[in-house]
Amino acid sequence: MEFRVLGPIEVVAGGRVIPIGSARLRCLLAALLVRANKVVRFDELVEAVWGESVPANPRPAVYTLVTRLRSVLKDIDIEAGGDGYRIVVDEGQVDVKRFEGGIAAARTAGEGETEVLRQALELWRGEPFADVPSDYLRRMAEPLAERRLQALERKLELDLNAGQHQVALPELTELTAEYPLRERFWALLMLALFRAGRQAEALRAYSAVRQRLVDELGVEPGAHLRKAHEIVLAGEEDSGWRVECQLPIDIGDFTNRDDELAHVLESMRPGTTVPIMTISGPPGMGKSALVVRAAHRLIEQYPDGQWFLRLKGASPAPRPANDLLAELLRTAGVDPTSIPADVDARASLLRSRLAERRVLIVLDDAAGVEQVAPLLPGRPGSAVLVTSRSELGGLSVLYGGNRISLQPFSGRHAYDLLARIAGRARCAEDIGASTVLTDLCGRMPLALRIAASNLASRPGLRIARYAEDLRSGDRLAKLKTSGIGIRAVFDGSFATLSEVDQRAFGLLGVVPGMDISVAGAAALLECDIDEAGDILERLVAANLLERQAEDRFRFHDLIRVYAAARANDYDSAEALRRLADWYLYSVYAAVAPIASVYVSRLGPAPADVVPLVFETTDEAMRWLDAERHNYMALIEHTAAYGPLRYAWQLTDAARPDLYHSYRTDDLNRMAGLGLAAARQVGDQRGQAIMFLVLGSSKAVAGHFDESVDDFAECRRIAAVIGETGIYASAVLTTAVAYHEAGWPQKAVEAAEEGRELVDRGVEQGEQRKLAVLSNLGVAYYGVGRLRDALETLVEARELAIRLEVPTGEIVTCGYLSQVHRELGDADQALAVSRFVLESTLARYYAHDPANIMIARVHCDRGETELARTYAITALEGARSRGYRKHEAEAAVVLGTICLAEGQRELALSHFRQALDLVRGLVAYPVEVEALAGMTLASGTAGFAEKAVALAREHGMRLLEAKALAALAEVKADQGDSGEALAAAGQALEMFREFGCRRGERHAGGIVGRVKGN
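Remember, it's a predicted structure, so these values are computed and weren't measured experimentally. (Residues numbered from 1 in each chain as written. Predicted model: local features only at pLDDT ≥ 70, side-chain atom pairs only at ≥ 80, totals over all residues. Heavy atoms only, no water.)

On to the overall build of the protein chain, then. For the protein chain, the count of helices and strands is 49 helices and 16 strands. Whereas a compact globule of 1013 residues would reach a radius of gyration of roughly 31 Å, the protein chain reaches 46 Å, over 25% beyond that. The principal-axis extent of the C-alpha atoms belonging to the protein chain is close to 150 × 80 × 60 Å. Evaluated residue by residue, the protein chain yields a buried proportion of 53% over its 1013 residues. Look at the contacts in the protein chain between residues 6 or more apart in sequence, and 67% of them connect residues 24 or more apart. (Helix = DSSP H or I, 4+ residues; strand = E, 2+ residues; numbered from the N terminus. Rg over C-alpha atoms; globule rule 2.2 N^0.38 Å. Buried < 20%, exposed > 50% of the residue type's maximum accessible area, 1.4 Å probe, protein only. Contact = heavy atoms within 4.5 Å.)

Okay, here's the thing in structure tokens:
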């Protein structure tokens, strides 16, 4: 239902007008609607309906009228209350209320003000209450009519400001005729005529209204008319606009932001939209310097003014948008007394003032989008440059702005800025110290300027001395000059953070690694993942943290130093403990798929730590790749500053990762730190574990003698403290070291000792039995006991399957493939090797050996191209992982392939490469194979004789037989039948003893060839 009083009274329902019969009913309804939803007093209702002709009994009369009105308006409540009645309606149903609401809304409608006023004015159908014979209501109509005329004046003023003077002229002509003494209409009519080029008519209009005012009222025209008359007489309007250039001075030594400057200048060219560019970045990155340089370069493109405002976004109290708008409006020539109070109205007026002008607005140090948005122009022509320590991504999303995030200088650019200020000759005298100094400044422009300025003011100070002073002292306090300091700059950004974010920022300062994941931050801050992610995002938005990848974050170097200082204000010790526990238990979980025997004892994780759980091996390995530098940094930190136990516990947990990725240097360094930490607290178990880790790492690196010593010390300590599991691990790992080094008989003895220990019962007995069988099998292979090796390794594989230890099966199959090949079962050797290669663990555990074995079998079959493919894959893989022994083994296979193809020179180079790779390592099996290969490639028996002697010395009987066969072949080629038969005969006898069919066929062939000759 709709009620209309702005004209004749009407009630409309469903598109049909409901007749309100009597005049008195219309008077009652109008009186109630003017004050809709409010009680109209009884005496007011009597006056509205009857005026001075009050009935003898007015109350019953009013009641009767209300009853009649209720019967007409069946769906409308008319309630008695207080000393009167009220009509209960939605104010949107009453045109007068909609008009009043529209007038109020127009004040804050901004660019939509004209349309809001137009819609409000369209509600008028004539004089209010036109068909209601009531003096009371006519008095109520007078202020309504005045508000209508004021709304008309404002709407027509907006039309003129928008250049719609031709459209406004007819209406203004009618209004001046209807209201001949209303000066505002005449002033607007004069301006419309003037802007339409009808200056003479505008002056005649002024003369006419002036004469009428004088004749009828005896007064001269008021301010509006006089102002319009002055404009028409002058022939132009004084907008109050003055071109102002408020830009700060452009620094003379601005440098090394050429690419960023070019991007800003290109993006800020005038076009069909308003160019908006935000330059963000951490404090001290030179945002303001870049923006001022760009603004000076853009002056010619924005000739109507270059305005500069400091928004104080990094202060505890950023400037409100309303105050900024007032300043901009004054700059735009608006009389201070004419500036509206409301933000939206001020923003609308600013857009109007900027329309059709070309002004560059520089907003320095913005706090957020809500501070900047009201200051933006509405029409193309002007442009806005913004600097902020926050990202202000909303400007891009909402207004299509461009963004640049400034980062630290490159090393070359940082040095260049230092040299420009401190002196090029001085920096050139000690380039190394200058470079160190730029790094200590984090290559941050402001820090570099401060350091360079300090040097320039002290010409006798050596750069190296100054750099050392910064390194050893309070760096942030010393990066200060003339009242400008890095710490104060950072303090400003820190102060803008919430308490939650301040705590998080400080605690992130205890992180030893270069970056942190969301999950790691959750552990550090003791919150859930979602909350940690939100906190990190807010710190990134504040440019106090940098995003490295999708869920990884890092500090700028100097901000890291500042955060570390802030950490002391919070629970930093507990935060570091939570982070260390999170890494310890997460690393433990991640290495589980590649750890065959594990000696660490970890109880349940602390209640305030939630370690990661990995669904797949790939997921775990990717996490280890991402976190390796971080957990090593944590080991180094705890070894230096505590808690010390994490230095050896985390090293032990990470051992499989570093071991199987062949990061032996890192593993040795971590184990050394862990050993020192365990010794410092007197933890003998920790010492035993670290000696075990050191021994394993050195064995892989080929430092055999040192590894055996470390295993021996591990065994000694384990025996003292009764750690049978650690003792057994040391024995079994010693067996592996003997095998890898080329002492197979000693490997057999160590493996058999391990079997005795397991048989007597040790911790993790079944898994250690698997290790015993695997190590014993490969040791048997080395001494030529191929049948024993096969039986033992088959048993080991079956046990690995039963225990569901895939790593144990992979290792065992790698050894099995070698045994199958020597026994002459090439198909089985290939099948087992391909099983290894196709395993999900292959890329982490046994990828290179499997490719090497497949290459050997294909070479045996004469499939040299296929063999070369696998050998090169193994060579490149081993080289990328830094595992020289496997690289050397692949080089031996490539040499063998070249021999099979008759490329002796190339073969010889591969064998020599293999020897070069193992030089300095203890890897006798590779040496024997390479020497034997060099014999065949060069035809020089001396290499084979050396190989035989080396194999015999170390008990490598299988390799000894192979070297004898190579010697026999060369002797046969040289025509020395006697020595050829002797060597071939020895080899044949040994191969038969071993059951090595492949070798037996080879040696037998040599014997047959020599005897046939």
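Alright, that's what it looks like, and here's the rest.
As a packed pair, helix H43 (residues 884-900) and helix H44 (residues 904-918) sit with axes 8 Å apart at the nearest point and diverge in direction by 165°. Overall, the two elements H43 and H44 adopt an arrangement that is roughly antiparallel. Helix-helix and strand crossings are classified by hand; for H43 and H44 the assignment is left-handed. For the pair formed by H43 and H44, the contact residues are Arg-884, Glu-887, Ala-888, Ala-891, Val-892, Leu-894, Gly-895, Thr-896, Cys-898 and Leu-899 on the first element and Arg-904, Leu-906, Ala-907, His-910, Phe-911, Gln-913, Ala-914, Leu-917 and Val-918 on the second. Residue composition of the contact of H43 with H44, grouped by class: 12 nonpolar, four polar and three charged. (Axes fitted to C-alpha atoms, helices over the stretch in contact; angles between N-to-C directions. Parallel < 35°, antiparallel > 145°, perpendicular 65-115°, else oblique. Left-handed = near helix turned anticlockwise from the far one by under 90°. Nonpolar A, V, L, I, M, F, W, Y, C, P; charged D, E, K, R; others polar.)

Right, let's get into the nonpolar core. Of all hydrophobic cores here, the largest spans 226 residues; its most connected members are Leu-385, Leu-437, Leu-479, Phe-505 and Tyr-631. No other element matches helix H28 (residues 572-591), which puts 11 residues into this core. One finds Leu-6, Leu-25, Leu-32 and Trp-124 within the second-largest nonpolar core, a separate group that totals 79 residues. (Core = buried A, V, L, I, M, F, W, Y, C linked by side-chain atoms within 4.5 Å.)

Attention now moves to the sheet that holds strand S14 (residues 516-517). Spatially, S14-S16-S15 is the arrangement adopted by the three strands of the open sheet, whose pairing is antiparallel. Two strands bound the open sheet, and with one partner strand each, they are S14 and strand S15 (546-549). Relative to strand S16 (residues 552-554), S15 is paired through three bridges, and the arrangement is antiparallel. Bridging across to S16, Arg-547 finds its partner in Phe-553. (Pairing = 2+ DSSP bridges.)

This part is about the UniProt feature "DNA-binding region" (unreviewed entry) in the protein chain. Listed under "DNA-binding region" (unreviewed entry) in the UniProt record, and renumbered for this structure, are residues 1-97. What you have in residues 1-97 is 40% helix and 23% strand, and the ends, taken at the C-alpha atoms, are 14 Å apart. (UniProt positions renumbered as here; feature names shortened; annotations may be inferred.)

So, about the packing of aromatic side chains. A complete count under the given rule lists 13 aromatic pairs for this structure. Ring centres of Tyr-583 and Trp-623 lie 6.3 Å apart, and the angle between their planes is 35°; on these two criteria the pair is classed as tilted. Residue Tyr-583 is found in helix H28, and its partner Trp-623 is found in helix H29 (residues 617-641); the two are separated by 40 residues along the sequence. Each of the two residues, Tyr-583 as well as Trp-623, counts as buried. The structure contains a cluster of three or more aromatic residues connected by ring pairs, namely Phe-490, Phe-494, Phe-505, Phe-555 and Tyr-562. Over the face of the ring belonging to Phe-185 we find Arg-182, whose NZ or CZ atom lies 5.8 Å from the ring centre. The ring centre of Trp-743 lies 4.4 Å from the NZ or CZ of Lys-746, which sits over that ring. (Phe/Tyr/Trp six-rings, centres within 6.5 Å; stacked < 30°, edge-to-face > 60°. Lys NZ or Arg CZ within 6 Å of the ring centre and 35° of its normal.)

Moving on, we get to the sheet that holds strand S4 (residues 40-41). The three strands are arranged S4-S6-S5 in an open sheet whose pairing can be described as antiparallel. On the outer flanks of this sheet lie S4 and strand S5 (77-81), each paired with one strand and no other. Looking at chain direction, S5 and strand S6 (residues 84-88) are connected through five bridges and run antiparallel. Looking at S6, one finds that Ala-80 is bridged to Tyr-85.

A few words on a negative patch on the surface. A contiguous patch of negative charge on the surface is contributed by Asp-528, Asp-530, Glu-531 and Asp-534. Along the polypeptide, Asp-530 turns up in helix H26 (residues 529-541). Among the residues examined, Asp-530 registers a relative accessible area of 61% and is labelled exposed. (Patch = residues over 30% accessible without salt bridge, like charges linked within 9 Å, V, L, I, M, F, W, Y side chains within 5 Å. Areas by Shrake-Rupley, 256 points an atom, 1.4 Å probe, with all protein chains shown as cover. Salt bridge = Lys/Arg side-chain N within 4 Å of Asp/Glu carboxyl O. Lys, Arg positive; Asp, Glu negative; His and termini not counted. Charge placed at Lys NZ, Arg CZ, Asp CG, Glu CD.)

Take the side chain of Glu-153 next. Position of Glu-153 relative to the elements: it lies in helix H6 (residues 135-161). Since its relative accessible area comes to 10%, Glu-153 is described here as buried.

Attention shifts here to the environment of Ile-361. With respect to the secondary-structure elements, Ile-361 resides in strand S9 (residues 360-366). Beyond its immediate stretch of four places on either side in the chain, Ile-361 contacts Trp-307, Leu-354, Leu-375, Pro-377, Ala-383, Val-384 and Leu-385.

On inspection of all chains with the given rule, the structure shows 83 salt bridges. Where Lys-155 meets Asp-159, a salt bridge forms, and the shortest distance between an N and an O atom there is 3.0 Å. Of the two residues, Lys-155 and Asp-159 are both situated in helix H6; the distance of four residues between them amounts to about one turn of the helix. Arg-503 is the salt-bridge partner of Asp-571, the closest N and O atoms lying 3.5 Å from each other. Remark: Arg-503 occurs in helix H24 (residues 499-508) and Asp-571 occurs in the loop between helix H27 (557-567) and H28; sequence separation between them is 68 residues. Of the residues examined, Asp-571 reaches a relative accessible area of 31% and is grouped as partly exposed. Each of Glu-2, Arg-4, Glu-10, Arg-98 and Arg-125 takes part in one network of salt bridges that share partners.

The complete set of buried residues in helix H13 (residues 321-331) reads Ala-321, Leu-324, Leu-325, Ala-326, Leu-328, Leu-329 and Thr-331. Elements that come into contact with the buried residues of H13 comprise strand S8 (306-310), helix H14 (343-354) and helix H15 (369-372). Downstream of H13 by one or two residues, Gly-333 has phi in the positive range, about 90°.

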